[in-house]
Amino acid sequence: MGQNIYTEQGKNIRKTWFLMTVFFIMIILIGYFFAYLYQNTAILICAIIFSVGLNIASYWYSDTIVLKMHNARPANREQNFDLYTVTENMSIAAGLPMPKLYVVDDPAPNAFATGRDKDHAVVCVTTGLLPLLNRQELEGVIAHEISHIGNRDILLSTTVVVLAGFISILSHMFLRSMMWGGGRRRDGDGGIFIMVLGIIFAILAPISATLIQLAISRKREFLADADGVLLTRYPEGLASALRKISAVSAPMATANSTTSHLFIANPFGPEGKAKNFITNLFMTHPPTADRIKALLGTGEKSE
C-alpha cells in the first residue's frame, strides 16, 4: 500500500478525533445561541448530550446511514462475479480483510468505500460502473477504494458526512428561528451583540464544515490513486477508468452534496473545467485530467 501507509493511518486517526472535537464545539455553540435566544438553559444541556450521542453514532453507524441514503443493496456473488473476484484479489494484495460489497441501482458509473475500520469496511459500486469497465479498469477502481480502507480514510470521510450534515441542519434551524422572530431576545448592546454573533456563526459554521469536507476529499483522492496503482502495478487501468467515468454526463439519482466527497468521481456528473480559485475551492474532487496526469505523468491538463 506504499511506504507512507502507516503515516497516513496515524494522520487520519488524529484528523478524525480533531474533527469530532471541532464539530462537537460547533454544535455546543449553536446550542448556546439557541439557549440564549429562548432563555432556556435546558437547550444547551440537550445540545451537549446530543453532541456526544452524535459523535458516538457517527463512529458506529455512519456507514449504515450512507448506504441507506443511496439505497444500496448487498452484492450477489453469482451476479457480480467479476466484482467479487477483483475485490478478493485486491484485498489480498493489500493485506486487508475483504470488505463487504454493495451495489447501487444507478446507471451513472461510480464507486465509494465506507466503514469505521478495515474489519468493518464496505465497498459500493453502481450498476452502471460494472458493464462500462473492463477487468483491468475495474481493478484500478477497486484498488483505489481498497486504498481508502488501508489508509483509514473511510472513518474520517464518513464521519464528516454525519457531523457536517447535522451542523447544516442546526444552522438552518437557528436562522429560520431568527427570521420568524422566535425566542425572547434580550435588550441592550450586549444582547444585540450576542445575537449578531450567533447569526454570523450560524452562517459560517456549515460553510466551514463544507470546506473541511472538500479539502479532505481532494487530498485523499490523489493518495488513493497512487496507492491503488501500487496494488495493480498498472496505472493505465485506473486512468482509463477515470476517463470513462468522467465521460458520462448523467448524475446519480441519489447524488447528495453531503456524501459526494466519498465517491471516486463527482456523483453530480463531470466537473468540467475549473475556471478560477473559487471554483477549485468548492470542488469535491480534483479535476479528472489532473488525476490522470498524476497517474501517467503526461497527457491531459486542466485549464
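Residues numbered from 1 in each chain as written. Predicted model: local features only at pLDDT ≥ 70, side-chain atom pairs only at ≥ 80, totals over all residues. Heavy atoms only, no water.

(A) Region of interest: the overall build of the chain. Across its full length, the chain carries 10 helices and four strands. Its helices and strands taken in sequence order, the chain reads α-α-β-α-β-β-β-α-α-α-α-α-α-α from the N to the C terminus. Each of the 303 residues in the chain was classed as buried or not, and the buried ones make up 50%. Across the chain, contacts joining residues at least 24 apart in sequence account for 72% of those joining residues at least 6 apart. If you sum the accessible surface of the chain, you get close to 14400 Å²; carbon and sulfur atoms cover 62% of it. (Helix = DSSP H or I, 4+ residues; strand = E, 2+ residues; numbered from the N terminus. Buried < 20%, exposed > 50% of the residue type's maximum accessible area, 1.4 Å probe, protein only. Contact = heavy atoms within 4.5 Å. Areas by Shrake-Rupley, 256 points an atom, 1.4 Å probe, with all protein chains shown as cover.)

(B) Layout of the environment of Leu223. With respect to the helices and strands, the residue Leu223 is situated in helix 7 (residues 189-232). Measuring from C-alpha to C-alpha, the distance between Leu223 and Asn151 comes to 8.9 Å, with 72 residues separating the pair along the chain.

(C) Broad picture of the sheet that holds strand 3 (residues 111-115). Pairing is mixed in the open sheet, where four strands are placed in the order 1-2-4-3. The outermost strands of the open sheet, each flanked by one partner alone, are strand 1 (73-74) and strand 3. Each of strand 2 (100-104), strand 3 and strand 4 (121-126) touches helix 2 (residues 41-69); the most contacted strand, strand 3, lies at about 150° to it. Packed on one face of the sheet, helix 5 (residues 135-150) meets strand 3 and strand 4 and runs near 25° to strand 3. (Pairing = 2+ DSSP bridges. Axes fitted to C-alpha atoms, helices over the stretch in contact; angles between N-to-C directions.)

(D) Summary view of empty space enclosed by the protein. Scanning all chains against the criterion turns up one cavity of 30 Å³ or more. Its volume calculated, the largest cavity comes out at about 140 Å³. In this structure, the largest cavity is lined by 18 residues; those nearest its centre are Ile245, Ser246, Ala265, Asn266 and Gly269. For the lining of the largest cavity, the secondary-structure elements that each account for two or more residues are helix 8 (235-247) and helix 10 (288-296). Per element, the largest residue contribution to the lining of the largest cavity is three residues, and it comes from helix 8. Residues of the lining of the largest cavity, tallied by class, amount to 11 nonpolar, five polar and two charged. (1 Å grid on protein atoms, 1.4 Å probe; cavity = no way out; pocket = protein on both sides within 12 Å on 5 of 7 lines; lining within 4 Å. Points joined across faces, edges and corners; volume = space filled by probe spheres on them. Nonpolar A, V, L, I, M, F, W, Y, C, P; charged D, E, K, R; others polar.)

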